[in-house]
Amino acid sequence: MNLPFIENLAPGKYRSLISFFYKTFFYGLVLFVVYIIGLYFNIFWLFGKMPGIDDLDNPKSEIASEIISSDGKVIGKFFYERGNRSPVAFSEIPSSLIDALIATEDVRYTKHGGVDARSLLRAIGGLLTFDPKGGGSTISQQLAKNLFKMREDEGYEGLLYHIPGVKTLIIKSKEWIVAIKLERRYTKQEIMKMYLDTIEFSSGAYGLKSAAKTYFKKSPQNLNTQEAATLVGMIQNPSRFNPKFFPENSLKRRNVVISQMVKYNKITSEEGEVLKSKPIVLNYSPESHNSGMAPYFRAFLKDWAKAEIVKLGFDEADLYTKGFKIHTTIDSRMQAYAEQAVDEHMRDQQTKFNQNWRGRNPWVQRRSEESNRYVEIPNFIENAAKRTGYYQVLKREYGDDTRKIGIEMNRKMPMRVFTWSGERDTLMSHMDSIRHYKRFLNIGMMAMDPRNGNIKAWVGGINFKYFKYDHVAQSKRQPGSTFKPFVYVTAIDNGFSTCERVVDEPISFGPEDGVYGKIYTPKNSDGKYSYASLTLRQALGQSINTVSARLIKEFKPSKVIEYAHLLGIKSKLDDSPSLCLGVSDVSLYEMLSGYAVFANGGKYTEPMFVTRIEDKNGEVLKEYLPDQKEVLSKETAYKMIHLMKGATMGGGTSVGLGRYGVLDGNEVAAKTGTTSNYSDGWFMGMTQDLIAGIWVGGDDRAIHFESIAMGQGARVAMPAWGLFMKKVYADSELEFKKGRFVVPQGVRIMGDCILSPNEGFSVDSLKQYTQPALKPADDDELL
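Residues numbered from 1 in each chain as written. Predicted model: local features only at pLDDT ≥ 70, side-chain atom pairs only at ≥ 80, totals over all residues. Heavy atoms only, no water.

### Brief notes about the overall build of the protein
A count of helices and strands for the protein gives 28 helices and 20 strands. Taking the intrachain contacts of the protein between residues at least 6 apart in sequence as the baseline, contacts between residues at least 24 apart amount to 69%. About 36,100 Å² of surface is accessible on the protein, with carbon and sulfur atoms providing 53% of the total. (Helix = DSSP H or I, 4+ residues; strand = E, 2+ residues; numbered from the N terminus. Contact = heavy atoms within 4.5 Å. Areas by Shrake-Rupley, 256 points an atom, 1.4 Å probe, with all protein chains shown as cover.)

### A short note on the sheet that holds strand β8 (residues 441-449)
Taken in spatial order, the five strands make up an open sheet running β9-β8-β18-β17-β16, and their pairing is antiparallel. Whereas interior strands pair on both sides, the edge strands pair on one side only; in this sheet they are β9 (454-459) and β16 (669-674). For this sheet, the mean inter-axis angle between neighbouring strands, taken without regard to orientation, is 10 degrees. With six bridges connecting them, β16 and strand β17 (residues 680-686) associate as antiparallel partners. Bridging from a neighbouring strand, Thr-674 pairs with Gly-681 of β17. (Pairing = 2+ DSSP bridges. Axes fitted to C-alpha atoms, helices over the stretch in contact; angles between N-to-C directions.)

### Side note on the environment of Thr-388
Structurally, Thr-388 can be placed in the loop between α15 (380-385) and α16 (389-398). In this structure the C-alpha to C-alpha distance between Thr-388 and Ile-434, which are 46 residues apart in sequence, comes to 9.2 Å. Setting aside its immediate chain neighbours within four residues, Thr-388 contacts Met-409 and Ile-434.

### Let's talk about the environment of Ala-229
Considering the arrangement of structural elements, one finds Ala-229 in helix α10 (residues 225-234). In sequence terms Ala-229 and Met-261 are 32 residues apart; their C-alpha atoms lie 9.2 Å from each other. Here Ala-229 is in contact with Arg-254, Val-257 and Ile-258, once residues within four sequence places are set aside.

### A few points about the pairing of strand β13 (residues 610-614)
With four bridges joining them, strand β3 (residues 325-328) and β13 adopt antiparallel strand pairing. Across the sheet, the residue bridging to Thr-328 is Val-610, located in β13. Strand direction decides the pairing type here: β13 and strand β14 (residues 620-623), joined by three bridges, are antiparallel. Within the sheet, the bridge partner assigned to Ile-613 lies in β14 and is Lys-622.

### Considerations on the nonpolar core
The biggest cluster of nonpolar side chains holds 152 residues, and the ones touching the most others in it are Met-686 and Phe-724. Look past the residues within four positions of Met-686 in its chain and what remains in contact with it is Tyr-595, Phe-598, Ala-599, Ile-641, Met-644, Glu-667, Val-668, Ala-669, Ile-691, Trp-721 and Phe-741. Ala-100, Leu-143, Met-192 and Leu-231 belong to the second-largest nonpolar core, a separate cluster that totals 43 residues. (Core = buried A, V, L, I, M, F, W, Y, C linked by side-chain atoms within 4.5 Å. Buried < 20%, exposed > 50% of the residue type's maximum accessible area, 1.4 Å probe, protein only.)

### Focus: the confidence of the model for the protein
Here the protein shows a mean pLDDT of 88. Residues at 70 or above account for 86%. Contacts for the low-pLDDT stretch residues 127-132, under 50 throughout, to residues beyond four places or in other chains number two contacts. (pLDDT = per-residue confidence, 0-100.)

### Comments concerning unusual backbone geometry
The backbone of Lys-217 sits at a positive phi, close to 55 degrees, despite the residue not being glycine. Structurally, Lys-217 can be placed in the loop between α9 (208-216) and α10. Despite not being glycine, Lys-556 has its phi angle at roughly 75 degrees, a positive value. Of note, Lys-556 is situated in the loop between α21 (545-555) and α22 (557-566).

### Some remarks on the pattern of salt bridges
For the coordinates displayed, the defined rule picks out 35 salt bridges. Asp-331 serves as the salt-bridge partner of Arg-333, at 2.7 Å between the closest nitrogen and oxygen. Residue Asp-331 is classed as buried on the basis of its relative accessible area of 5%. Asp-348 serves as the salt-bridge partner of Lys-352, at 3.1 Å between the closest nitrogen and oxygen. Placement of both Lys-352 and Asp-348 in helix α14 (residues 332-356) is noted, with a separation of four residues, approximately one turn of the helix. On the accessibility criterion, Asp-348 (34% relative accessible area) is partly exposed. Each of Asp-71, Asp-331, Arg-333 and Glu-733 takes part in a single network of salt bridges with overlapping partners. (Salt bridge = Lys/Arg side-chain N within 4 Å of Asp/Glu carboxyl O.)

### Examining the packing of α14 against helix α27 (residues 718-730)
As a packed pair, α14 and α27 sit with axes 9 Å apart at the nearest point and diverge in direction by 145 degrees. Between α14 and α27 lies a crossing of right-handed hand. Listed contacts from α27 to Met-334, Tyr-337, Ala-338, Gln-340, Ala-341, Glu-344 and His-345 of α14 are Pro-719, Ala-720, Leu-723, Phe-724, Lys-727 and Val-728. Across the contact of α14 with α27, the residue classes break down as nine nonpolar, two polar and two charged. (Left-handed = near helix turned anticlockwise from the far one by under 90°. Nonpolar A, V, L, I, M, F, W, Y, C, P; charged D, E, K, R; others polar.)

### Brief notes about the pairing of strand β7 (residues 424-428)
Two elements, strand β6 (residues 413-417) and β7, share five bridges in a ladder whose sense is antiparallel. Bridge pairing in β7 places Val-417 opposite Arg-424. The antiparallel pairing of β6 with β7 creates a hairpin that spans six residues between the two strands, and Gly-422 there sits at a positive phi of about 115 degrees.

### Here's the deal with the state of the cysteines
Inspection of every chain in the model, using the stated rule, returns one disulfide. Linked covalently through their sulfurs, Cys-499 and Cys-753 form a disulfide whose S-S length is 1.6 Å. Separated by 254 residues along the polypeptide, Cys-499 in the loop between α19 (484-492) and β10 (501-503) and Cys-753 in strand β20 (residues 753-755) bring together distant segments of the chain. Of the two residues examined, Cys-499 and Cys-753, each falls in the buried class. (Disulfide = S-S within 2.5 Å.)

Next up, the structure:
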């Protein structure tokens, strides 16, 4: 290469040296250009692909879908283990955190265009002199690294990646190029926000928003300076500087960040000393699918949401990565009240249950059909063990060798178990674990606005981590006497007047009723008959079984089934006279939807739990509106309300609600239910704008109290309703208030009797409906 102009620039003795440096620079420049072109266009597949324009405009990162309550609170998320990330708005980032981040990670952030030559040269110099002076990566470069995972994703690999050292050079080069491109496409604020969204903070937290909630149970804008410094300090090594597990490391690193803030004049030295002297105070609450608010509802919602987003053109897996915003009808305050009521009530019930069975096992059966004595079920735990997944694994491994299976099932091992005093670490075998968990009572509770079907609270059990089975929608149990309103409404809607009186006397069913063999004669809970003449209101309020039998005998089980399905019961119902006492399994979810018809003037409303779904940017993908249809007249619906108000009056099964103050200045229509052997206790309560239902029992029907005094619905279920409603009414910010049911125009009420506008009845005959109620009654028992 001839360079004639060099001869004119330097004396002869320097010409060759200058020529050498010039040629080196020239060829180096050419080589660098070729390298960049090769890198950019992935020539001969040597370098691997580069993120394209679409990748830069729509960078892919897993964003958790958020579950949002009706009052605007995030009550949960759907995410993969490495995807618990929620985007943070720049306005939510406190200035103290921005200052800490810039002072620690990229002090020239506002002055460079993606690659900081000064920091890079400083870092290279530190490596050459074995005196590290900090990293050379800018925030933009770290964002490029976090967004596109070019060090991990095989899609970015080229043939040269297999040469040691070359791979690192190529990756760093790509990150430099991407950082410059990001700076050209986004503002500094946008880059800062994106960067904070992509950081891993350990403990399953990804992004600033998740980290603030995990470590301090705060939103980002509420972080103080020392908390912000703690999180910024974690960026260098999230595990090593995790304040929960390595508090000393975290404290030292936080103070380094504070020193950097002082050094670069973000805070004064006096402020820095004060902050350094403060301890790290955590409110550690890592997010998981087992914890947080409304876990049973979230599990139910997950299955529904997967199917729903598929209908919207997405894949099921997108639920965990696309950042959908699912707006629900759940009210976070009411959900908290429901969970508090359940916790308080079930602690009390479990204590009573343990006292009831002290020194004995609670898995029992009646000694005989007519006996009230209970005996332990032989081999109950052994048979339950055979239904467990672990037993099936051992069965596949050892076949019919029951001895080896028994050894493994009884082998002690470290285990963490649920107790009402908190989680307990202990040594237990699988058989011990089954015995432990079979002793617990469980619960399902749901509250709903009958006017629009909006579900406001959902508690599916006592602890989702240890009891996954949902007792609101998943579980189906015999409803006992809470099914009786469906029998009564069938009669009333087909001409049976509330002004009629019915005698409490034996009612038998034989071949003419489809009953063959032994004659079926339902009994009252005490096994006796009063032979008293009762109004329907008295009979339903005191849950007299013979009156329900009298009505179903006249109007037939098939007609009752027709009405039950019309009102929202979707489960298969037995076409038999015993249906009048609630023998067919139904879910609490179904029962509440049916009762809502009475409270909503005869209109059935499909229970509603989602109002809209948005994408990560807040664009509405689909809205949901109440689905209503009229299935009863307003008059018939109100007659049922009037009848069920009798439960809270003298002699009714729900007068105990008075101790919670929910009857003062308020109308409540209610029904209790108890099934055979007291395996199921139910309570359904309605007010003019809110209804709630509760089931309590053992997960296995053989687990129950041994007397109606302890096991009836008025004892095991109703108190939770009273506790919940007391908390609701104490919150003045909620829309649900005490009040009276709306009486349809033209309806006439005389005591227990209620007449529709066109319904005739003599005035003299109405006088008998103002007589006092009968003696107080225990709740009903299914026999």
